[in-house]
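# Architecture and fold: a report
The chain contents come next:
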Amino acid sequence: MARTAAATLHEDSTTRIIKLVSYVCLGAFALACLFPFALMISSSFMNEQEILLEGYKLIPNTFSLKAYEMLLNNSSALGKAYGVTIFITVVGTAFGLFMMSMAGYVLNRKDFKYRNFFSFLIYFTTLFSGGLIPTYILMVKYLHMKDSLFALILPTVVAAWSIFLMRNFMKAIPDSLYESATIDGAGDFRIYWQVFMPLAVPSLATIGLFSALGFWNEWYHGMLYIQTPDKYPLQYFLQRMINQTNIQALINQGVVIDAAALPTQSIKMATAVLATGPIILLYPFAQRYFVSGLTIGAVKG
Amino acid sequence: MQVIARLRRSGGNIVREVGKNKILFLMLAPVILYFLLFHYLVMPGAYVAFVDFNISKGIFGSDFIGLQNFEFLVKTGDLWNITKNTLLYNFVFLALGNVIQIVFAVMLAEIAGKWFKKITQSILLLPHFISMVIVGVFAYNMFNFSSGFVNTMLVSLGLDRYEFYSDPGIWKYIIVAFKIWSMTGYGMIVYLAAITGINNDLYEAAYIDGASRWQRIRYMTLPMLKPTFILLLLFGLGGILKGSFDLFYNLIGTNSVLYPQTDIIDTYVFRSLVGQFNFSMGAAVGFYQSVFGLALVLTVNYIVRKIEPDSALF
C-alpha cells in the first residue's frame with residue numbers, strides 16, 4: 001500500500017512538471033510561428049517616416065493606411081498579378097483534378113490489366129528526372145512556352161503523388177457499386193462521372209486544395225519563363241519587389257534612402273499581406289482537408 | 001521488372017485490351033501523355049551534360065565533349081562545395097527537424113487541454129502553407145540593414161546596426177531556423193498520428209503497474225515511435241541530394257557575398273541557367289544529382305524492404 005501511495009505521489013510531481021514544460025514549449029513555439037505574420041501586418045500599417053527613422057516595429061507608434069491606399073489606387077500592376085494568379089489557380093486546379101481523378105479511377109479498376117505498368121510509369125518520374133536544364137530547353141526551344149501563361153500551369157498541373165492519393169481514396173469505394181452500375185448498363189465514363197465522383201468529393205476537396213495552394217504560391221515558373229511584367233504571378237511580383245531593395249540596401253549600406261512621398265517600405269509589407277491574406281482567411285475552414293491529405297500521404301505515396 | 005516481363009509475355013494482347021477498354025485507355029491518356037511529354041521526353045535531354053551546348057545547334061547537334069564538364073566542376077572545387085553544403089544542410093534539417101517534431105508530438109499527446117491542443121496544432125501547421133516568397137519577405141522584414149526589426153531592436157538598445165546581408169556565417173542559422181519553422185507542424189502531425197495509434201490499454205496497464213508519466217514516455221511512447229522515425233529518416237536520407245531551392249533562393253537570392261556557405265546543388269544549377277547561360281555545366285550538375293539521387297533512393301528502399309517490407313516504396 002505504502003509503495004502505491006509513493007508511486008502516485010511521484011507520478012503527480014513528474015506529471016505536473018512534464019505538463020508545465022509541454023505547455024511552455026508548445027506555447028513558445030506557437031508564438032514563434034505567429035511572430036513573423038504579426039510583424040508583417042503591423043509593419044504594413046506603419047507610417048513611412050517612422051520606418052525610415054526607426055525601422056520596422058511590432059508595436060508602432062503611428063498607424064497609417066497609406067500603403068494600402070497607394071496599392072488600391074495604383075492597383076493596375078498588383079491587380080494584374082492577382083488576375084494571373086487567380087486564372088492559373090482556377091484553370092490549373094480544374095484541369096488537374098479532372099485528369100488526375102480519371103487516372104486515379106482507371107488505375108483503381110481491378111479489371112484494368114495494365115494498371116501496374118502505368119502506375120510504375122507514373123511513379124518512376126518521382127525517382128528520376130531529366131533535370132531543370134533539359135526541361136527548360138524543352139519548354140522554351142521546342143514547346144515555345146516562353147512568356148506564356150501555360151508555362152505557369154503545365155509544369156505542375158498533374159502530380160504523381162496526387163494521382164496515387166486519388167487512387168487510394170477510390171479504393172475505399174466498394175466494388176459492388178461499380179458492379180451494379182455495369183449491370184444497369186452504364187459505360188465506364190458514366191460510372192466514373194455519376195457514381196464515383198459524387199462519392200469522392202472529400203478526396204477531391206483535399207487534392208484540389210493542395211493543387212490550388214500550389215498554384216496560389218507559384219513564383220518559380222514565373223521567374224523561369226515569364227518576361228512581360230503584366231503576366232507575373234502574384235508571388236513573383238512580390239518577390240521582385242522585395243529583392244530590388246535587397247540589392248539597394250546593400251549598395252546604399254548605411255545611407256538613408258530618400259523616400260520622398262512614396263511609402264516604399266510599408267508598401268512591400270502591405271503587398272505581402274494582400275498576397276497571403278486569402279490563405280490565412282481560408283485556412284481555418286480548409287485545415288481539416290489538408291490534415292487528412294497529410295496523414296494519408298505521409299504513410300505511403 | 002516483373003511488370004515489364006509480364007507485359008512482354010502478353011505481347012499482342014495489348015491491342016485486344018485497348019479495343020476492349022477503349023474508354024478506360026482514353027480516360028488515362030491525358031495523364032500518361034503528360035508524363036511522357038514533360039518527364040520521359042526530357043530524360044534523354046540529360047545528354048546536354050556531355051556536350052558543349054550551343055542553343056542554335058540544339059541538344060543533339062552540339063559537339064560531344066564527354067566528361068569535360070564534370071572534370072571542370074571537380075577541378076574548380078564547385079562540385080565538392082555544393083555537394084557538401086547540400087548534404088550538411090539536409091542532414092541538419094533531418095536530424096534537428098525530426099527530434100523537435102518527436103518532442104513536440106509527445107508533448108502535445110501529454111497535455112490535457114483540448115482547446116489548447118487544437119489551437120497549437122493549427123498554428124504550428126500554418127507555416128507549411130505559406131509560400132517561400134513570403135518567408136523571404138519575413139527575412140527582409142527582420143534582417144534588412146536600414147529598417148529590419150532586429151536592427152530596430154539593436155538601435156533601441158543603444159547598439160550598432162548589423163549588416164546581415166553581408167555576413168555569410170549567420171545565414172546558416174537563419175536558413176535552418178526558417179526550415180524548422182516551416183516543417184515542424186507537418187512532421188509533428190505525422191508523429192502524433194503514430195502516437196494516437198498506440199493502444200490505450202497498454203498505457204492503462206502501465207499506469208496500474210505504477211509507471212510514472214516519464215517512464216511511460218521513455219519506455220513506451222518513444223520506443224513505439226522508433227519505426228516511424230527510422231522510416232522517415234531513411235526516406236529523408238534518400239532525398240538528401242535534393243535541396244530546398246524555394247527556401248534558399250528566397251532567403252539568399254542573387255546576393256553572391258553569401259554563396260560560399262549557402263550555395264546548394266539546386267541554386268547552382270539554377271544560376272548556370274539564368275545567370276551565366278552555361279547550360280551544359282548546369283546540366284552536368286543536375287545529371288550528377290539525379291543519378292546519385294536515384295542510387296540513394298534504391299539503396300534506402302532496399303534497406304527498408306529488409307527491415308520492414310510493408311513500408312517499402314516498391
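Residues numbered from 1 in each chain as written. Chains lettered and ligands numbered in written order. Predicted model: local features only at pLDDT ≥ 70, side-chain atom pairs only at ≥ 80, totals over all residues. Heavy atoms only, no water.

Keep this limit in mind: UniProt positions are given in the numbering used here, feature names are shortened, and annotations may be inferred rather than shown by experiment.
Going by what an unreviewed UniProt entry lists, chain A is known as Carbohydrate ABC transporter permease and is assigned to Paenibacillus sabuli. Its UniProt record gives chain A the following Subcellular location (unreviewed entry) comment, quoted word for word: "Cell membrane".

### Let's talk about the nonpolar core
Where we set the bar: Remark: nonpolar core denotes a set of buried residues (Ala, Val, Leu, Ile, Met, Phe, Trp, Tyr, Cys) joined through side-chain atoms within 4.5 Å. When accessible area is computed with a 1.4 Å probe and restricted to protein chains, residues below 20% of their type maximum are described as buried, those above 50% as exposed, and intermediate ones as partly exposed. Each domain's extent is set by a domain assignment, obtained either automatically or from a database. In what follows, residue pairs with any heavy atoms lying within 4.5 Å of each other are defined as contacts.
Judged by nonpolar contacts, the single largest core of 174 residues is most densely connected at Tyr105 of chain A together with Trp171 and Phe178 of chain B. Two domains each put at least three residues into this core: domain 1 (2–43) and domain 2 (66–297) of chain A. Setting aside residues no more than four positions away along its own chain, Tyr105 of chain A makes contact with Met170, Tyr178, Asp188, Ile191, Tyr192 and Phe196 of chain A together with Leu24 and Met27 of chain B.

### Brief notes about the domain arrangement of chain A
It is common to give the size of an interface as the accessible area that goes away when the parts come together. Residues and elements named next belong to chain A. Inclusion rule: Simply put, the buried area is the total loss of 1.4 Å probe accessible area from both parts when two parts are fitted together. Definition used for salt bridges: Asp or Glu carboxyl oxygen within 4 Å of a side-chain nitrogen of Lys or Arg. Pairs of N or O atoms within 3.5 Å make up the polar contacts considered here, provided that, within protein, one atom can donate a hydrogen while the other can accept it, and that residues adjacent in sequence are counted only when both atoms are side-chain atoms. Residues are sorted three ways: Asp, Glu, Lys and Arg are charged, Ala, Val, Leu, Ile, Met, Phe, Trp, Tyr, Cys and Pro are nonpolar, and all the rest, Gly among them, are polar.
When its domains are assigned, chain A resolves into domain 1 (2–43) and domain 2 (66–297). Tallying the contact residues gives 4 residues for domain 1 and 6 residues for domain 2. Between domain 1 and domain 2, roughly 410 Å² of surface is buried when both sides are summed, and carbon and sulfur atoms account for 83% of that area. Summed over the shared surface of domain 1 and domain 2, the result is 0 salt bridges. At the boundary of domain 1 with domain 2, the tally comes to 0 residue pairs in polar contact (both at pLDDT 80 or more). In terms of residue class, the side of domain 1 that touches domain 2 is built from 3 nonpolar, 1 polar and no charged.

### Some points on the environment of Thr120 of chain B
Put simply, the rule reads: Starting at the N terminus, helices and strands are each numbered in turn, a helix being any DSSP run of H or I of at least four residues and a strand any DSSP run of E of at least two.
Here Thr120 of chain B is to be found in helix H6 (residues 114–125). Between the alpha carbons of Thr120 of chain B and Gly45 of chain B there is a distance of 47 Å; along the sequence they are 75 residues apart. Apart from the residues lying within four places of it in its own chain, the contact partners of Thr120 of chain B are Leu26 and Ala30 of chain A together with Leu108 of chain B. Separated by 2.5 Å, the side chain of Thr120 of chain B and the backbone oxygen of Phe116 of chain B make a polar contact.

### Points about the layout of surface pockets
Residues and elements named next belong to chain B. The criterion, for reference: Using protein atoms alone on a 1 Å grid, points that fit a 1.4 Å probe yet trap it form a cavity, whereas open point sets bounded by protein on both sides within 12 Å along at least five of seven lines form a pocket; residues with an atom within 4 Å of a point count as lining. Grid points are joined across faces, edges and corners, and a volume is the space filled by probe spheres set on the points.
Within this model, the second largest pocket holds a volume of roughly 640 Å³. If you trace the second largest pocket, you find 20 residues lining it, with Ala109, Glu110, Lys117, Leu192 and Thr196 closest to the centre. Those elements that place two or more of their residues in the lining of the second largest pocket are helix H5 (78–110), H6, helix H9 (168–196), helix H10 (200–208) and helix H11 (213–238). Considering each element in turn, the lining of the second largest pocket owes the most residues, 6 residues, to H6. Residue classes in the lining of the second largest pocket are distributed as 7 nonpolar, 6 polar and 7 charged.

### As for unusual backbone geometry
Residues and elements named next belong to chain A. Located in the positive-phi region is His144, a residue other than glycine, with phi close to 50 degrees. Mapped onto the fold, His144 is located in the loop between helix H6 (132–142) and helix H7 (150–153). Even without glycine at this site, Asp147 takes up a positive phi of about 65 degrees. For Asp147, the position within the fold is in the loop between H6 and H7. Residue classification places Asp147 among the buried residues on the basis of a relative accessible area of 15%.

### Observations regarding the packing of aromatic side chains
Residue and element names in this part refer to chain A. In plain terms, the rule: Pairing of aromatic rings covers Phe, Tyr and Trp, the last through its six-membered ring, and needs centres within 6.5 Å; plane angles under 30 degrees mean stacked, over 60 mean edge-to-face, and all others mean tilted. Two thresholds decide whether a charge sits over a ring: the Lys NZ or Arg CZ must be within 6 Å of the ring centre and within 35 degrees of the ring normal.
All told, the structure shown has 52 aromatic pairs over all chains when counted by the stated rule. Between Phe117 and Phe118, the aromatic rings sit 5.3 Å apart at their centres with planes inclined by 65 degrees, giving edge-to-face as the arrangement. Residue classification places Phe117 among the partly exposed positions, given a relative accessible area of 24%. Overall, the relative accessible area of 10% leaves Phe118 in the buried class. Ring centres 6.4 Å apart and planes at 25 degrees place the aromatic pair Phe124 and Phe128 in the stacked group. According to the relative accessible area criterion, Phe124 is partly exposed, its value standing at 21%. Judged by relative accessible area, Phe128 falls into the buried class, the value being 14%. Taken together through their ring pairs, the aromatic side chains of Phe98, Tyr105, Phe189, Tyr192, Trp193 and Phe196 make up a single cluster. Its guanidinium or amino end placed over the ring of Tyr289, Arg288 lies 4.6 Å from that ring's centre, counting from NZ or CZ.

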